[in-house]
Structures are given as structure tokens and as C-alpha cells.
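Okay, here's what each chain looks like letter by letter:
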Amino acid sequence: MADQSTRRKENAQPSLFDTELEHLPPELRWREWMSRIEAVVFAASAPVTREVLGRVVGKSCNVDLIIDDIREELRGRPYDLVSIAGGWQYRTRPAFADAIRTATGVDENVPDLSQFETMVLMTVAYFQPVTRGELSSFFGREISRDLIGDLRGAGFIASGPRSPTPGAPYTYVTTRTFLSHFGFNTLRELPDIEALEDAGLLNKDKWLSGEAHLIPRLNDEGDHRQDE
């Protein structure tokens, strides 16, 4: 009996997931592919990449066109399917931010970071891979391990390659969580440094040379919790 059971398991073929759906008319096939992609994105807690979506549709399926059709059907809805952090994710539309904040007391678009922590994170984003010592040079003050730990704990930065400088310190880079949280698809979407300078948010020459703080009067107005 045991031998027969073993043989049955060995001869059993794994169930194959039908991605091509050749038995369906083209219109119904397309609709089924749309539904599958919607379901996968809806069930995911993070942006879903093209590679993952490609597992549930046929080889001839154009994922970009599927996404376009889904977004078209979402016109007028309070949420959208957006390209973010190298994948796709459902996001509520900005127009409904006040309603969400009123109902939940939480603003999902605002990170729980101090001004100074945000500036350090921004510097990592623009100059990565960057060491803690280089960050300290940028700001004219020591960037503590606790602050770096907070940014790592939030999932916004991770360890990068070791620096070729003496002592081979660790460098830091931003993560997909950073891209997703701040609404970027890739780092190329970061605002130009020149645009930030025009807006008065930084002095590029002093920032790049490390001769002054990123934001004027940051020592007077910034949050100094990392020194506590």
C-alpha cells in the first residue's frame, strides 16, 4: 500500500497555471489578464515588479497596456494604480489626503522624521554611496550612529559597499522603501539640485564643498535629537 502511494505521488504531475488562456476569445482573455494583475497588486504590501506580474499573464501580453487599461477604468475613483519604486502599487489620490487624515489621524504621505533627519536622508539620496563621516562633513557636525540607526530602522537606508578610504568605513544608500514612501519610481526622479537651490533650500556650492550646512540656520532651527 505504501509503495503504491509513493508511486502515485511520483507520477502525479504538478498543476499548471494557465497563463496563455488560448481557449478564451481575445477580449475575455485580456479581461482575465487585467483581473489577475489587479488581484496581484491589490494583495501585495509593496510595489509589484514587471517580472512578478509577468508570471500571471501570457507571453504576448503587454503589461504596460494592461496597466493603462486598468488606470483608465479607475478614472474618477479615489485611488489609482501608480508606477513607483520599480513596480506598481495602488495609492489613494492626493485630493483625498484630508479625508484619510480626518478619519484615521494618520497622514500616510508624511514620514515621521524630524527636519534634520529628513535632510540627512536627502543627502544620502543625492550623494550615495556616502559614509557617516562624509555626512558629518556636509553638515559641519557629527552625524550620530543613532540617527543612522533610525533611518535604517525606518527602512529608508541600507549599508552600501565599503568606502575605499582609510579604515574602509561602511557607506549608506537609499532603498526601495525610500522610493515608495516618497513617491519616486527611480532616483532619477529626485528634484535637480539646481531647482532646490533656486527655491532657496540649499546653497549648492557650500553643500558640495562641505563648508556649510545644507539649509541656512539649520543649527539654529534643526531638530537635535541625535545629540540627546
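So, here's what we can say about the structure. (Residues numbered from 1 in each chain as written. Predicted model: local features only at pLDDT ≥ 70, side-chain atom pairs only at ≥ 80, totals over all residues. Heavy atoms only, no water.)

Quick look at the overall build of the protein
Part 1: Across its full length, the protein carries 12 helices and 5 strands.
Part 2: Here the protein, with 228 residues, has 35% of them falling under the buried criterion.
Part 3: Sequence separation of 24 or more characterises 52% of the internal contacts of the protein that already satisfy a separation of 6 or more.
Part 4: Only carbon and sulfur atoms are counted for the fraction: they give 51% of the accessible area of the protein, which is about 14,300 Å². (Helix = DSSP H or I, 4+ residues; strand = E, 2+ residues; numbered from the N terminus. Buried < 20%, exposed > 50% of the residue type's maximum accessible area, 1.4 Å probe, protein only. Contact = heavy atoms within 4.5 Å. Areas by Shrake-Rupley, 256 points an atom, 1.4 Å probe, with all protein chains shown as cover.)

Side note on the packing of helix H6 (residues 115-127) against helix H8 (residues 145-153)
Part 1: With their axes 11 Å apart at the nearest point, H6 and H8 run at an angle of 75 degrees to one another. By the criterion of interaxial angle, the relationship of H6 to H8 is roughly perpendicular. Where H6 approaches H8, its residues Phe 116, Glu 117, Val 120 and Leu 121 are matched on the opposing element by Leu 147, Asp 150 and Leu 151.
Part 2: Residue classes in the contact of H6 with H8 are distributed as 5 nonpolar, no polar and 2 charged. (Axes fitted to C-alpha atoms, helices over the stretch in contact; angles between N-to-C directions. Parallel < 35°, antiparallel > 145°, perpendicular 65-115°, else oblique. Nonpolar A, V, L, I, M, F, W, Y, C, P; charged D, E, K, R; others polar.)

Remarks on the nonpolar core
Part 1: Among the nonpolar cores identified, the biggest contains 26 residues, and Val 120, Leu 135, Ile 143, Ile 157 and Phe 178 are the most heavily contacted of them.
Part 2: Counting residues per element, the ones that place at least two in this core are H6, helix H7 (132-139), H8 and helix H9 (176-182).
Part 3: In terms of nonpolar packing, the next biggest core, distinct from the first, is built from 18 residues, Met 34, Ile 37, Val 48 and Leu 53 among them. (Core = buried A, V, L, I, M, F, W, Y, C linked by side-chain atoms within 4.5 Å.)

Focus on the sheet that holds strand E4 (residues 157-162)
Part 1: One open sheet accounts for 3 strands, arranged E3-E5-E4; its pairing is antiparallel. With one partner strand each, in any of the chains shown, strand E3 (130-131) and E4 form the two edges of the open sheet.
Part 2: In the sheet, E3 pairs with strand E5 (residues 170-174) via 2 bridges, with the strands oriented antiparallel. Within the sheet, the bridge partner assigned to Thr 131 lies in E5 and is Thr 171.
Part 3: Packed on one face of the sheet, H6 meets E3, E4 and E5 and runs near 95 degrees to E5. (Pairing = 2+ DSSP bridges.)

Digging into the pattern of salt bridges
Part 1: Evaluation of the coordinates by the stated rule reveals 9 salt bridges.
Part 2: With a closest N to O distance of 2.7 Å, Arg 31 and Glu 73 form a salt bridge. Of this pair, Arg 31 sits in helix H2 (residues 26-43) while Glu 73 sits in helix H4 (residues 63-73); the two residues are 42 residues apart in sequence, bridging distant segments of the chain.
Part 3: In this structure Arg 31 comes out as partly exposed when scored by relative accessible area, which is 38%.
Part 4: Salt bridges sharing partners connect three or more residues here, namely Arg 71, Asp 80 and Arg 93. (Salt bridge = Lys/Arg side-chain N within 4 Å of Asp/Glu carboxyl O.)

Observations concerning unusual backbone geometry
Part 1: In this chain, Gln 128 is followed by Pro 129 through a cis amide linkage whose omega measures -5 degrees.
Part 2: Mapped onto the elements, Pro 129 comes out in the loop between H6 and E3.
Part 3: For Ala 85, which is not glycine, the phi torsion reads 50 degrees and is therefore positive.
Part 4: On the secondary structure map, Ala 85 appears in the loop between strand E1 (79-84) and strand E2 (87-92).

Focus on the pairing of E1
Part 1: The pairing of E1 with E2 spans 6 bridges and is classified as antiparallel. Residue pairing for E2: Asp 80 is matched across the bridge by Arg 91.

Description of the packing of aromatic side chains
We describe a pair of aromatic rings using the distance from one ring centre to the other and the angle between the two ring planes.
Part 1: The full count for this structure, using the stated rule, is 8 aromatic pairs.
Part 2: A ring pair is formed by Phe 178 and Phe 182, whose centres lie 5.2 Å apart and whose planes are at 45 degrees; its orientation type is tilted. Remark: Phe 182 and Phe 178 occur in helix H9; sequence separation between them is 4 residues, near one turn of the helix.
Part 3: Looking at Phe 182, the relative accessible area reads 28%, which means it is partly exposed.
Part 4: A ring pair is formed by Phe 178 and Phe 184, whose centres lie 6.2 Å apart and whose planes are at 35 degrees; its orientation type is tilted. (Phe/Tyr/Trp six-rings, centres within 6.5 Å; stacked < 30°, edge-to-face > 60°.)

Comments concerning the packing of H6 against H7
Part 1: Viewed as axis vectors pointing N to C, H6 and H7 meet at an angle of 115 degrees, and their least axial separation amounts to 11 Å. The crossing of H6 and H7 is right-handed. Listed contacts from H7 to Phe 116, Met 119, Val 120, Thr 123, Val 124 and Phe 127 of H6 are Leu 135, Phe 138 and Phe 139.
Part 2: Taken together, the residues of the contact of H6 with H7 break down into 8 nonpolar, 1 polar and no charged. (Left-handed = near helix turned anticlockwise from the far one by under 90°.)

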